[in-house]
Amino acid sequence: MLLALLALHAIAGLAALSGARRLGRWALVLGGLAPAVTITWAASRAGAVLDGDVITEQVSWVPGLDLSLDLRLDAFSLLMIVLVSGIGTLVFAYAWSYFGRAEKVGRVAGLLTLFAGAMLGVVLADNLLLLYVCWELTSVTSYLLIGIDDDEPEARAAALHALLVTSLGGLAMLGGFVLLGQAGGTYRISALVADPPSGTLVGVALVLVLVGAFTKSAQYPFHSWLPGAMVAPTPISAYLHSAAMVKAGVYLVALLAPAFATTGVWRPLVVGVGLTTMIAGGLRALRPFDLKQLLAFGTISQLGFLMVLLGIGLPEATAAGCTLLLAHGLFKAPLFMVVGIVDHEAHTRDLRTLPRLGTGWTTVRVAAFLSAASMAAIPPLAGFLAKEKAYDAFVGGSDGERLVLAGIVAGSVLTVAYSLRLAAAFWRPDAVAPADGPRPVLDHGPSPTFVAPALLLAGLSLLLGLFPALWSSLVDQAAAALDPEAGASLKLWHGINTALVLSGLTLALGTGLFAARGAVARAQARLAPTVTGADVYDAVVRRVLHLAALVTSVVQSGSLPIYAAVILGTAAVVPAVGLLSGAWWPGWPTLVTRAADLPIAALLVIAALAAAMAARRFVAALFLGVAGYAMTLFFVVQGAPDLALTQFAVETLSVVVFLLVLRRLPDRFERHRAPAVGVVPRLAVSAAVGVFVVAMAIAASGARTEPPVSREMTERALPEGDGKNVVNVILVDFRGLDTLGEVTVLVAAGIGVAALARAGQRPDRRPDRRSEVT
């Protein structure tokens, strides 16, 4: 069933894309069926999974290489499905009102569905290589979604920024996966976590894996792509950047942390990067006037918080991380939604130009208030339970854990401040960004169906905060699936303890920071660095492009003779060095086996020399054909008629193709006074290639240690391939897939050559018939 759910997303997404114009916004209904079916099925299996059952599926892919599609659903995967498919379904409902009858809605629906399927693959994969494939699919689909407004340069640049950062991190992660799989003897994640390998190689692998996770979850210093991605329509931001894509890195770290937290530099690296991201993102969220930018930096800060909790590898912190993982999705997605509603109706999300919201906006204000309060961890909302659980995980710990606690408290103070700043936009925008003149009042509110998804998620934050038993089992078992010693045991009231005192202190300091926002803004303006993450990215891209242009100017001269000389010379010299480094010479073989060998060899040499010395292209092509037909005669003399027939057919086709191409070329070869490659280098390269080919053939003939496979192919050609021509049977049967690949490459190359030839012709100029060969 797990594989069927992935297939359903693929089918629904491709169907929505193919019928985007005809379906219009009904494509959202088609695409939304996939996550809706997924969350419904997951709910039907939730009881068994929370009781400890694990659902697995395995589909063998390449048994000889031990490659298979391994899928696994445990309680932690179930928690992620609630985010990916549960919130995803509501995002599709929200997009119905947001996009209306916009032309691009069908494409958005199809791509969102494909993204949801890729993200579902990430959380279900129990194989490192399968996880990587799904991981990269999320990068590709997010690139297309962020750049959905492809006529806008800003959208294209933001999409490319996100793709480059996450894909480069993904490549580093792939290297880590390969090293980790080789060290552990398996690529199954559950097996690696159950019996983790160790050693220096594993330490290097884990650093590479963390680089991939940091780039995906927008951790400092790889964070700059996320604020830029806010150019995407709000439904995309609500899904990708609150409930799905940005959680992928956190998810991977959570999977591996219980087993590898004490290996190498994992713990200090994860905690250091996470705390830096939490605090720096929180500080940055106090500055933007664009509400989506505020949410973007707030998301970065919260992702840093999650990275610390789920990456430190402590059972209590793991439980707190699972709690915050769900709470974050429940408050961040509706915040994106309500900001999108304001932007959709008021046509601005800038705090300085935002109108005052009238009486028709009560439901939007309620959703915004509940979600912002949960983000600030105000009781009795779900965010408060998660924050108090996080504080409790580090209270009474070691000196290092208390230092981590201090960093979390500092970051949480900033969270309260920017949460109040966001909430003020829906009540008193002048309090955070005075307008130049009187603000207009926007009385007409959005439709109830537009607000319903955000209001439902915000209401869940309140409901789960008031009744922790409703989700305690889910987060408790999710944490236990990661670390058997972890457990959530959620309660709204634990009595007066250190965690509660720290929560009160956080709210007080955060409120004070918001009250002193003017002084804080002036201090930030003075102390803020002049170079941002986006500036660093732009500088790196410019440097890389400059280096690429420099290298290209050296190695890509535009001269075909130089390219041919370099390629052929390298192909001859480099293997020859390895060949000569050992005992390779088996002795001279028998040079002449039959009387006809000498005249055929003479014909080959004469035809090759004539082709090289010919002044006309047509003559050179004919002599090349003669050389090929001479090889056909050689095969006949050696008793290989089937090989001779194949050579004859290929040579005839080659001559015909040559003649067809020559119709479009001048009759004679161009003779340059100063050729790119002189006569002596050409002779040297030609001699090197010829000597190497002969030497390699002699060495290979004497290096055989096992009987040639050709004997087996000859014996099996007729009974199993139903063919007497052994060569044909090898090409179309024994190596049929190889032949298909070669044919595909040749067809693609042919299409490319034909396209270039047609593109090079001027429509107002016919070819010079005088230079054609008739």
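The rules we used
- Residues numbered from 1 in each chain as written.
- Predicted model: local features only at pLDDT ≥ 70, side-chain atom pairs only at ≥ 80, totals over all residues.
- Heavy atoms only, no water.
- Salt bridge = Lys/Arg side-chain N within 4 Å of Asp/Glu carboxyl O.
- Helix = DSSP H or I, 4+ residues; strand = E, 2+ residues; numbered from the N terminus.
- Buried < 20%, exposed > 50% of the residue type's maximum accessible area, 1.4 Å probe, protein only.
- Axes fitted to C-alpha atoms, helices over the stretch in contact; angles between N-to-C directions.
- Parallel < 35°, antiparallel > 145°, perpendicular 65-115°, else oblique.
- Nonpolar A, V, L, I, M, F, W, Y, C, P; charged D, E, K, R; others polar.
- Contact = heavy atoms within 4.5 Å.
- 1 Å grid on protein atoms, 1.4 Å probe; cavity = no way out; pocket = protein on both sides within 12 Å on 5 of 7 lines; lining within 4 Å.
- Points joined across faces, edges and corners; volume = space filled by probe spheres on them.
- Expected span 1.5 Å × (residues − 1).

K.L.:
Account for the pattern of salt bridges, with residues named and values stated.
P.N.:
If charged atoms from side chains of opposite charge come close, those side chains can pair. What the rule picks out here adds up to ten salt bridges. Residue Arg352 pairs with Asp350 through a salt bridge whose shortest N-O separation is 2.9 Å. One salt bridge in this structure joins Arg402 and Asp399, with 2.2 Å as the shortest N-O distance. Of the two residues, Arg402 and Asp399 are both situated in helix H18 (residues 399–424); the distance of three residues between them amounts to about one turn of the helix. A relative accessible area of 43% places Arg402 in the partly exposed class. Three or more residues joined by partner-sharing salt bridges are found here, namely Asp290, Asp343 and Arg349.

K.L.:
Can you lay out the packing of helix H14 (residues 291–311) against helix H15 (residues 315–346) for me, pointing to particular residues and giving the numbers?
P.N.:
At their nearest, the axes of H14 and H15 sit 9 Å apart, and the two run at 170° to each other. In terms of their interaxial angle, H14 and H15 are classed as roughly antiparallel. Classifying every residue of the contact of H14 with H15 by side-chain character gives 15 nonpolar, six polar and two charged.

K.L.:
Can you explain the side chain of Ser412? Please cite residues and give values.
P.N.:
Mapped onto the secondary structure, Ser412 falls in helix H18. Apart from the residues within four sequence positions on either side, Ser412 is in contact with Met278, Lys387, Tyr391 and Thr506.

K.L.:
Quick rundown of empty space enclosed by the protein? Include the residues and the values.
P.N.:
With the rule as written, the count across this model stands at two cavities of 30 Å³ or more. Reported here for the largest cavity is a volume of approximately 40 Å³. Forming the walls of the largest cavity are Gln302, Phe305, Leu324, Phe331, Ser374, Met375, Ala377, Gly383 and Lys387. Elements with a minimum of two residues in the lining of the largest cavity: H14, H15, helix H16 (362–375) and helix H17 (382–394). Grouping the amino acids of the lining of the largest cavity by side-chain chemistry returns five nonpolar, three polar and one charged. Size it by volume and the second largest cavity reaches roughly 40 Å³. For the second largest cavity, the full set of lining residues is Ala376, Ala377, Phe384, Lys387, Tyr391, Ser503, Thr506 and Leu507.

K.L.:
Could you give an account of H18, with specific residues and numbers?
P.N.:
One turn of an α-helix holds 3.6 residues; hence residues three or four places apart share an orientation. The end-to-end C-alpha separation of H18 is 38 Å, in line with the 38 Å expected for 26 residues at 1.5 Å each. Within H18, 19 of the 26 residues are buried, which leaves it mostly tucked inside the rest of the structure.

K.L.:
Go over unusual backbone geometry, please, and point to the residues and values.
P.N.:
Of the consecutive residues Tyr220 and Pro221, the connecting peptide bond is found in the cis state with omega at 5°. Considering the arrangement of structural elements, one finds Pro221 in the loop between helix H9 (200–216) and helix H10 (225–228). Put simply, Pro379 and Pro380 share a cis peptide bond, and its omega is 10°. Summarising the element assignment, Pro380 is placed in the loop between H16 and H17. In this model, His347 sits at a positive phi of 60°, which is unusual for a non-glycine residue. Inspection of the secondary structure puts His347 in the loop between H15 and strand E3 (356–357). Of note in the backbone geometry, Ala377 takes a positive phi value of approximately 65° without being a glycine.

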